[in-house]
Amino acid sequence: MTTAEHGLTEEDLHGVFDETIATDQRIEPRDWMPEAYRKTLIRQIAQHAHSEIIGMQPEGNWILRAPSLRRKSILLAKVQDEAGHGMYLYAAAETLGVDREELTEKLIDNKQKYSSIFNYPTLSYADVGVIGWLVDGAAICNQVPLCRCSYGPYARAMIRICKEESFHQRQGYELLLAMVNGTDEQRAMVQESTNRFWWPSLMMFGPPDGDSPNTQQSMDWGIKRHTNDELRQRFVDMTVPQAEALGVTLPDEGLVWNETRGHYDFSEPDWTEFKAVISGSGPCNAQRLAHRRRAHEEGAWVREAAQAYATKQREGSA
Ligand code: FAQ
């Protein structure tokens, strides 16, 4: 239905949208929304979906080398969950009028981003535990507020995703607990992995607020509920006691409790490294995209077969 059929002007529609946001209600796919709001959501949800799919690779690297059948089945289930998260998110993006195929093409043509964290290699089995602990931990911190995002389909997808992410975080922590209670070599593996993943985990929250072009507008629209720095601080405060319980040291000499602020102080991540990673020059960017591209090409026959089957079913029922 057009605006004219509703008898509403563009200005009226804007008013309804603003009122919905101001009263903290949800915008649904059928509702009018400003084009910039739609574009921002497509950008964020697509990047998020791509992160889940590319995020299968670092841990997937260890499925064939898991140390026991139990660890292998846990890891398989986790990596499968990530595929599922990607699917919910692509489905949420599709409600905004884009096509999943189109988004995948943009990812493999390097035209849309995915999280910086997945451009670092996984060098030991301790990385599986540390990814669960720190990377899923950071993901939860960043994503729980997205369950209250103003766009209904994204908010609802996030509820289920966050439940599964919490479980992922616990499985990582449980693996690390087993390792720190094992041999000296295992404890050293956990420490070495923590040293490598700590700074990239802090970078997951995005650039500092002063350098974040999207935060203010996204907060005004109720897409983001907190700034990048607020969430990074929350993550640090939450993680320090967990590191103490594990007996690992976080690799930052500037990490100290600040009584006055009631938070931990910590050093600045290397933002030059962050910029390099998000612009394609991280340690594994080329490998991650090449792998994704190959998987997409090799899966073409499956998509064609599924399409042919769906067409046949439709014709049959018609
Ligand atoms: N990596 O203005 P802002 C997971 C880009 S969790 C790459 O602050 P915004 C679970 C940003 O896109 C990981 N790019 O942007 C899992 C923008 O570029 P653009 C995924 C980054 O959107 C665990 C530019 O920098 N989580 O997958 C990053 O307001 C374990 C300026 O930045 C989500 O996607 C970064 N770290 O805030 C899976 C959560 N940070 O588009 C497997 C949803 C910033 O203008 C294993 N997304 N950029 O060219 C968000 O919350 C937000 O989009 C932020 C960025 C906070 C990531």
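The coordinates are above.
Residues numbered from 1 in each chain as written. Predicted model: local features only at pLDDT ≥ 70, side-chain atom pairs only at ≥ 80, totals over all residues. Heavy atoms only, no water.

J.: Let's hear about the overall build of the protein chain: which residues, and what values?
T.: In terms of regular secondary structure, the protein chain is built from 14 helices and 2 strands. Taking 20 Å as the expected radius of gyration for a compact globule of 318 residues, we find that the protein chain reaches 21 Å, a close match to that expectation. Viewed in the frame of its principal axes, the protein chain has a C-alpha envelope of about 70 × 55 × 30 Å. The buried share among the 318 residues of the protein chain stands at 47%. When the accessible area of the protein chain is evaluated, it comes to approximately 16,200 Å², of which 54% is carbon and sulfur surface. Across the protein chain, the 34 positively charged side chains and the 46 negatively charged ones have centroids separated by 5 Å. (Helix = DSSP H or I, 4+ residues; strand = E, 2+ residues; numbered from the N terminus. Rg over C-alpha atoms; globule rule 2.2 N^0.38 Å. Buried < 20%, exposed > 50% of the residue type's maximum accessible area, 1.4 Å probe, protein only. Areas by Shrake-Rupley, 256 points an atom, 1.4 Å probe, with all protein chains shown as cover. Lys, Arg positive; Asp, Glu negative; His and termini not counted. Charge placed at Lys NZ, Arg CZ, Asp CG, Glu CD.)

J.: Any details on the site of the ligand? Residues and values, ideally.
T.: With respect to spatial proximity, 36 residues lie near the ligand, and among them Gln 47, Lys 113, Ser 116, Ser 212 and Lys 224 are the closest. Between Gln 47 and the ligand, the recorded distance is 2.7 Å, taken from a side-chain N or O atom to an oxygen atom. Taking Lys 224, its side chain carries an N or O atom lying 2.7 Å from an oxygen atom of the ligand. For the shell around the ligand, the elements supplying multiple residues, two or more each, are helix 3 (35-54), helix 5 (69-94), helix 7 (126-143), helix 8 (152-180) and helix 12 (271-281). Broken down by element, the residue count for the shell around the ligand peaks at 6 residues, all from helix 3. Each residue belonging to the shell around the ligand can be placed in one class, and the counts come to 13 nonpolar, 14 polar and 9 charged. (Near = heavy atom within 4 Å. Polar contact = N/O pair within 3.5 Å; in protein donor to acceptor, adjacent residues only side chain to side chain. Nonpolar A, V, L, I, M, F, W, Y, C, P; charged D, E, K, R; others polar.)

J.: Tell me about helix 9 (residues 184-203), and please be specific about residues and values.
T.: Helix length check: helix 9, at 20 residues, gives a terminal C-alpha distance of 30 Å against a target of 28 Å (1.5 Å per residue), a fit within 8%. For helix 9, the set of buried residues is Val 190, Ser 193, Thr 194, Phe 197, Trp 198, Pro 200, Ser 201, Leu 202 and Met 203. Where helix 9 is buried, its residues contact helix 7, helix 8, helix 11 (228-246) and helix 12. (Expected span 1.5 Å × (residues − 1). Contact = heavy atoms within 4.5 Å.)

That is the geometry; function is a separate question.
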